[in-house]
Each structure stands twice: as structure tokens, then as C-alpha cells.
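What the coordinates show
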Amino acid sequence: MQTRLLERFLRYVAVTSQSDASQAVVPSTEGQRSLAELLKKDLDELGLVNLEISEYSVLTGKLPANLPAGSGEQVPAVGFVAHLDTVDVNLSADIKPQVVRSYSGGGICLNEKKGIYLREAEHPELLKYKGQDIVCTDGTSVLGADNKAAIANVVVALETLVQNKDLQHGDIYVAFVPDEECGLRGAKKMDFSKFPVAFAYTIDCCELGEVVYETFNAGSAVVKIKGVSAHPMSAKGVMVNPTLVAVDLINSFDRMQTPEHTEGTEGYIWAKSIISNQSEAVVQLDIRDHNKNTYEARKHLIKTNVESLQKLYPRAEIVCTITDTYGNIADAVNDENRKCIDYIYTAMSELGIKPNTIAMRGGTDGSYISTQGILTPNYFTGGHNFHSNCEFLPLLALEKSCQMTLKLIELIAKG
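Below is a summary of the structure that appears in this document. Just so it is clear, the structure is predicted and the values come from calculations on it, not from any experiment.

Comments concerning helix α1 (residues 2–13)
Its 12 residues give α1 an end-to-end C-alpha distance of 16 Å, which sits within 8% of 16 Å, the value for a rise of 1.5 Å per residue. All of the buried residues along α1 are Leu-5, Leu-6, Arg-8, Phe-9, Tyr-12 and Val-13. Down the axis of α1, the buried set is contained in an arc of 165°. They therefore lie on one face. Counted as exposed and oriented over 90 degrees from the buried face of α1: Thr-3 and Glu-7. Those residues of α1 that are buried are in contact with α2 (30–45), β4 (98–100), β7 (134–136), α3 (145–163), β17 (392–394) and α8 (395–414).

Digging into the pairing of strand β8 (residues 172–177)
The element β8 is extensively covered by neighbouring structure, given that 6 of its 6 residues are classed as buried. Of the two faces of β8, both are covered, the one formed by Ile-172, Val-174 and Phe-176 as well as the one formed by Tyr-173, Ala-175 and Val-177. Here strand β2 (residues 59–63) runs beside β8; their pairing, made up of 5 bridges, is antiparallel. Its bridge partner lying in β8, Lys-62 is registered against Tyr-173. The pairing of strand β3 (residues 78–83) with β8 spans 6 bridges and is parallel.

Thoughts on the nonpolar core
Ranked by size, the top nonpolar core spans 71 residues in total, and within it Leu-43, Phe-176 and Tyr-201 carry the most contacts. Per element, the largest residue contribution to this core is 11 residues, and it comes from α3. Once residues within four sequence positions are removed from consideration, Leu-43 is found in contact with Leu-48, Leu-51, Leu-59, Val-155, Leu-158, Val-174 and Phe-176. Listed in part, the 20 residues of the second largest apolar core include Leu-249, Ile-269, Leu-285 and Tyr-295.

What about the sheet that holds β8?
What the 8 strands build is an open sheet, ordered β1-β2-β8-β3-β9-β16-β10-β15; its pairing is mixed. Bordering the open sheet on either side are β1 (49–53) and β15 (356–359), each of which pairs with just one other strand. Pairwise comparison of adjacent strand axes, ignoring direction, gives a mean angle of 25° for this sheet. Relative to β3, α3 is tilted by about 145°, and along the sheet it contacts β2, β3, β8 and β9 (199–205). Lying on the sheet, helix α6 (residues 339–351) is in contact with β9, β10 (210–214), β15 and β16 (378–380); it crosses β10 at an angle near 170°.

Definitions and cut-offs
- Residues numbered from 1 in each chain as written.
- Predicted model: local features only at pLDDT ≥ 70, side-chain atom pairs only at ≥ 80, totals over all residues.
- Heavy atoms only, no water.
- Helix = DSSP H or I, 4+ residues; strand = E, 2+ residues; numbered from the N terminus.
- Expected span 1.5 Å × (residues − 1).
- Buried < 20%, exposed > 50% of the residue type's maximum accessible area, 1.4 Å probe, protein only.
- Arc of directions from axis to C-beta.
- Contact = heavy atoms within 4.5 Å.
- Pairing = 2+ DSSP bridges.
- Core = buried A, V, L, I, M, F, W, Y, C linked by side-chain atoms within 4.5 Å.
- Axes fitted to C-alpha atoms, helices over the stretch in contact; angles between N-to-C directions.

And the structure:
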């Protein structure tokens, strides 16, 4: 299985599909559509039906049930979701992975020419994988295990089911979506009539054993400030400097409730950027909180502070727009749908995997899909250091992730 997973993973990371948050269209880059087309071909060869790539490059398809006659109605349809894009963190969009066989310990030279190393002192988690095969970068890009490890996982799991007719399963739907790294834009373009499942799973977090069904509530605020420009020689009593107005806005928030001062389930308001000149300024804020009520309170605080700022600078024009990005998966959990989360822990128990349940300080495609009535919890790929040139993927952990996918399908079929 490790060999098959590696072959698939290398096949998919070879397609450059970095997303571009500066673009308003979905998909934001053509490479994502290219990857969707490659995946459609692979899934067609496996015998999936109803394969379709939408105008937004959302690829959906179905592996029909393999069950004894008359039992199909009792097995719920399940979905698996992975995203096509890799993140843009100002590294190369092209990924050149390398495989370290039987890692012996110590640092790993990622790029001798550029002097880039994955150092054990900085990444002691490496020590867990001595003797194992590890996939890492060449130091110039992310690895793309986020989320192409999940794509390889799902395709190999489907391949395993197709090749082993004695493995029973219900209807399995897949959705491969673009632009997750740009605010879950692809998931928001899904046609859910083509994804008629009782529940679904994303495979979009890190270390072996991680389970996520609690994420941030997330939103963004854009505050546009139009000041009054004047020549400095006659500016007294006339000029309203939009840059200083923007600074006053940012200083109106608690500096201890920012990303660099919070952890766990503590929320924050993050001043991401100020873009300004002598006439105008634009402030971008991210709003995050696991608690829905506190999240709404943070949105209200931004509105209140903007109103106070407008009173302080009556001659400025200040407009605030707040947009919700995604919700907390936990808010969608109830007694009727919680079984799909229970399946994760049962699968881990049967596979001998110790669960590590975390409240993710971020979101997954499931954070949006869960708000649409399809509870979508998340489990590990096995990768480390996402969004970094030090990202690496132990192949044994990826194999365990694929075994999780197959075990979940087995448990669902058994009811």
C-alpha cells in the first residue's frame, strides 16, 4: 500500500496547482483544473460513475455500492472530500519532492546547493520516524501533502475496493474542490445534488492520530477609509490622514487577543494588512473564535469601534464590510449525526491508533460543508509542518491514514 500511495502522491504533486488568493475567479489557477482532469481520468479507469467537473473545477463522482441484494437501503452513502490546491506562502509553486529511505536520524539536507536543511534540533518530531521512509521537499516549496496526500489516500482506497470484490461497501461519493486555501471557495461552489451523502469526511490535518470536529468560526472585515488630503504647508485643520485613522482603528483592539498571543480555543482579531496613501486606506481584519457567541461579539466590537472612529473623524468616510467565511463543525453536531464521528474513534481503536482530538485553529472544507447539513469531520494525513518548506510526510503514517479510510467504509457498511 505504501508503494501505491507514494506513486499516486508523486503523480499528483507533479501537477502545479498552487492557488492564488488575489484572483476573484474559482478556480484561481488553471493548474487546479488540470489536476481535476487528471483525477477524473484516474477515477474513470477505476469504474466510478457520474464523474463531472463543474465550471468551477469541482470534481464529483460515485463508486456504486457493493452489497448483498436488499441491504443497500440500510447503508448510508458516505462522502470523502479533498482539495486540489496547494497553499501560496511565497515559495515556488512547483514541487520537487524527494524520498528519504529508512531515515537514520539527524538532519536532512533538502537542498545542498542552496544550503537548506530540515534540522532535527528545530523539528524533533523527525525522531519518531527513524527507520521509516519519509517524503520531503527540496527546500524551495511546500510538499503539498496538504492536501494531495488526501487525494492519494482516497484514490488508493477506491482502487483497493474495486480490486477486492469481497470488500463490501455502500455508495461512496467523492468531491475534489479547488481553492480551499483561499477561504474554502471551492467547497462553496459545490452542487450538493451531486453529493447526496448522509455525512462526509475530510482528510486535511496533520500528525498520525489527529481528529478534528471543532474548528474556528471565521470571518473577515474590510474597513475602507477615505481621508482628506492637503499639502503639508497648509494642512493644519484640513488634512485627515487615512493612514493614522487606520492605525487608530487597529490600536482600538486588545493587543493580547491577536494570533501571536492566543492558543487553544482562544479567539482573536488579526490586523492582516494596511494599504494606504495620502487619500485612502484599507484595513483587512480576520476574525476567529471557536465559540459562536464570542465570534459574533468580535464582529460587533469591530462595528462599534468603526462607529467610534467615525465620530472621532467626522470628515472621513469610513465603511466597514464584514463577511462570514466558515463555521465551526462542532456547531453542526447533534445526536442524530454524531455517529460519523464515533466511527472515527472505533476505526482507530480497531487499527491500534491512539486518537489525538484537537480544536483546530483554522478550518477545513468540512467547516463549510457541515453548515449545509452534511456533518464533515476530519482526520489525519500523517504529514507534518504544513505551509512550510520543512513539510514532510512519513509513508507509514500515510498508510495508516488510508487504512482509516477503508476501515471507516467497512464500519459504515456493517452499520
